[in-house]
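Each chain, written out:
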Amino acid sequence: FTFLDINKYHNILKAIKVLKNVDREYGIRWIYSRSIWSALAFRFFRVFSKANLIFDFRGDLVAESSANGDSLVKLVFLKYLVKMAIACSSVVLTVSNSSASFLKTNYDVLNPIVLPSAVYRNPYNKALLMAKEFRNSLGIIDDEIVLIYAGGTAHYQMLPQMLMIWKVLAAELNVRCILLTNKSLGNDSSINSLISLVPGIINLSVDLKEIPLYLGAADIGFILREQHQLNNVASPVKFAEYLAAGLAIVTSPGVGDISDLVQKQNLGTLINSNDLIQSVSACSQLIHVIRNNKKQFEKRSHHAFKEGNWDLNSHAVIWKKILQNNIN
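Residues numbered from 1 in each chain as written. Predicted model: local features only at pLDDT ≥ 70, side-chain atom pairs only at ≥ 80, totals over all residues. Heavy atoms only, no water.

Trainee: Before we go on, may I ask you to explain the pairing of strand β5 (residues 145-151) in this structure?
Mentor: Two faces, one strand: in a regular strand the side chains alternate between the faces of the sheet. Within β5, 7 of the 7 residues are buried, which leaves the element mostly enclosed by the surrounding structure. Of the two faces of β5, the one carrying Ile 145, Leu 147, Tyr 149 and Gly 151 and the one carrying Val 146, Ile 148 and Ala 150 are both buried. Here β5 runs beside strand β6 (residues 175-181); their pairing, made up of 7 bridges, is parallel. Looking across to β6, one finds that Val 146 is bridged to Arg 176. After leaving β5, the chain enters helix α8 (residues 159-172) and then returns to the sheet as β6, a path that is right-handed. Where β5 and strand β8 (residues 220-223) come together, 2 bridges link them in parallel fashion. Looking at β8, one finds that Leu 147 is bridged to Ile 220. (Buried < 20%, exposed > 50% of the residue type's maximum accessible area, 1.4 Å probe, protein only. Helix = DSSP H or I, 4+ residues; strand = E, 2+ residues; numbered from the N terminus. Pairing = 2+ DSSP bridges. Right-handed = clockwise from strand over helix to strand, strands pointing away.)

Trainee: Which parts of the structure should I look at to understand the sheet that holds strand β4 (residues 113-114)?
Mentor: Two pairing modes exist for strands in a sheet, parallel and antiparallel, and in both the strands are linked by backbone hydrogen bonds. One open sheet holds the 4 strands; their spatial order is β1-β2-β3-β4, and the pairing between them is parallel. Of all strands in the sheet, those bounded by a partner on one side alone are β1 (30-33) and β4. As paired strands, strand β3 (residues 91-94) and β4 are joined by 2 bridges and run parallel to one another. In the strand pairing of β4, Thr 94 is matched with Val 114. Across the face of the sheet, helix α5 (residues 97-107) comes into contact with β2 (52-57), β3 and β4 while running at roughly 135° to β3. (Contact = heavy atoms within 4.5 Å. Axes fitted to C-alpha atoms, helices over the stretch in contact; angles between N-to-C directions.)

Trainee: Could you clarify how one ought to interpret the pattern of salt bridges in this entry?
Mentor: A side chain with one charge can pair with a side chain of the opposite charge if their charged atoms come near. According to the stated counting rule, one finds 9 salt bridges in the structure shown. One salt bridge in this structure joins Asp 56 and Arg 58, with 3.0 Å as the shortest N-O distance. For Asp 56, a relative accessible area of 5% gives the class buried. Taking the relative accessible area as the measure of exposure, Arg 58 reaches 32% and is therefore partly exposed. A salt bridge links Asp 219 to Lys 294; its shortest N-O distance comes to 2.8 Å. Remark: Lys 294 occurs in helix α14 (residues 276-307) and Asp 219 occurs in the loop between α10 (211-216) and β8; sequence separation between them is 75 residues. Overlapping salt bridges bring together Arg 135, Asp 219, Lys 294, Lys 295 and Glu 298 as one network. (Salt bridge = Lys/Arg side-chain N within 4 Å of Asp/Glu carboxyl O.)

Trainee: How should I be thinking about the pairing of β6 in this particular structure?
Mentor: Burial analysis of β6 places 7 of its 7 residues in the buried class, the great majority of the element. Burial along β6 is two-sided: the residues Val 175, Cys 177, Leu 179 and Thr 181 and Arg 176, Ile 178 and Leu 180 are all buried. The sheet contact formed by β6 and strand β7 (residues 202-205) spans 4 bridges and is parallel. Paired with Leu 179 across the bridge in β7 is Asn 203.

Trainee: Looking at this structure, how should I read unusual backbone geometry?
Mentor: In this model, Met 158 sits at a positive phi of 60°, which is unusual for a non-glycine residue. Position of Met 158 among the secondary structure elements: in the loop between β5 and α8.

Trainee: Would you take a moment to explain the packing of helix α4 (residues 72-87) against α5 for this structure?
Mentor: A pair of packed helices is characterised by two quantities: the angle between their axes and the separation of those axes. Their axes nearest at 12 Å, the elements α4 and α5 cross at an angle of 105°. Taken together, the axis directions place α4 and α5 in an arrangement best described as roughly perpendicular. Counting all contacts with α4, which are made through Lys 79, Val 82, Lys 83 and Ile 86, the residues of α5 involved are Leu 103, Asn 106 and Tyr 107. Here the residues of the contact of α4 with α5 sort into 4 nonpolar, 1 polar and 2 charged. (Parallel < 35°, antiparallel > 145°, perpendicular 65-115°, else oblique. Nonpolar A, V, L, I, M, F, W, Y, C, P; charged D, E, K, R; others polar.)

In structure tokens form, the structure reads like this:
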């Protein structure tokens, strides 16, 4: 059941009306929300119903609002709405252990259930079987190490810093770089000028279903983020994709659980992307290790993917327990 997005007040009233109609027609046991506004609609709807709310805390809205320069009044109001959403929830989900710790400290949530951003493994298994053939189709030589980024172009994803690192690595080492973005960079002159400096770079905007092919053909995936509270509680889906494709990971400190996992399980390396010398040195060391130990990194990544709930199939088991009121 859908309705037009007009404004928050209209949407809340419409959501309450739709929920009442659905509950009367079918009966509702559970409602899932990842928005404080839909949780607010539930808060009023539960006057008429015995349904339970599952609230999915997927990011620190207060920190995001603060970063946007919003007023103190708005920050206080948003925090109140988050508290309200949590208070009327039977189950609270979140995306990382660092986010769970944040909820315990700031919102007194004792037992949030951690479900990181995840993907299905099968497309990546198929891509790995085709990796050699696909690399050849891209003009990549067998002994070249392939660096890849697949994702958005927002400032916090640090593309300029990454491209400067790639520029040096591609000039000094036998590597190729693949930049996959979710939109064309045709009008972004600043990014395009940096892209042009990276020797042999493959720069494309591709359909989502094609991404596993490119990841399967690569060796090292990049996930760089600014040091900010928003990223401390995040769970970028690209990490799950990189693990599924058996890639080594280059990332920044303080990115959800990812940074700790990369260090503890030797999945790649951490870099300070604002320090070009340190970043190039750390990446160069990783590249040299991968030349001799690529299969070991693949095994580590696949093991981390399987054991860390990065596979969507593992989520089904947890959801079944939640919906059967059988979660610990």
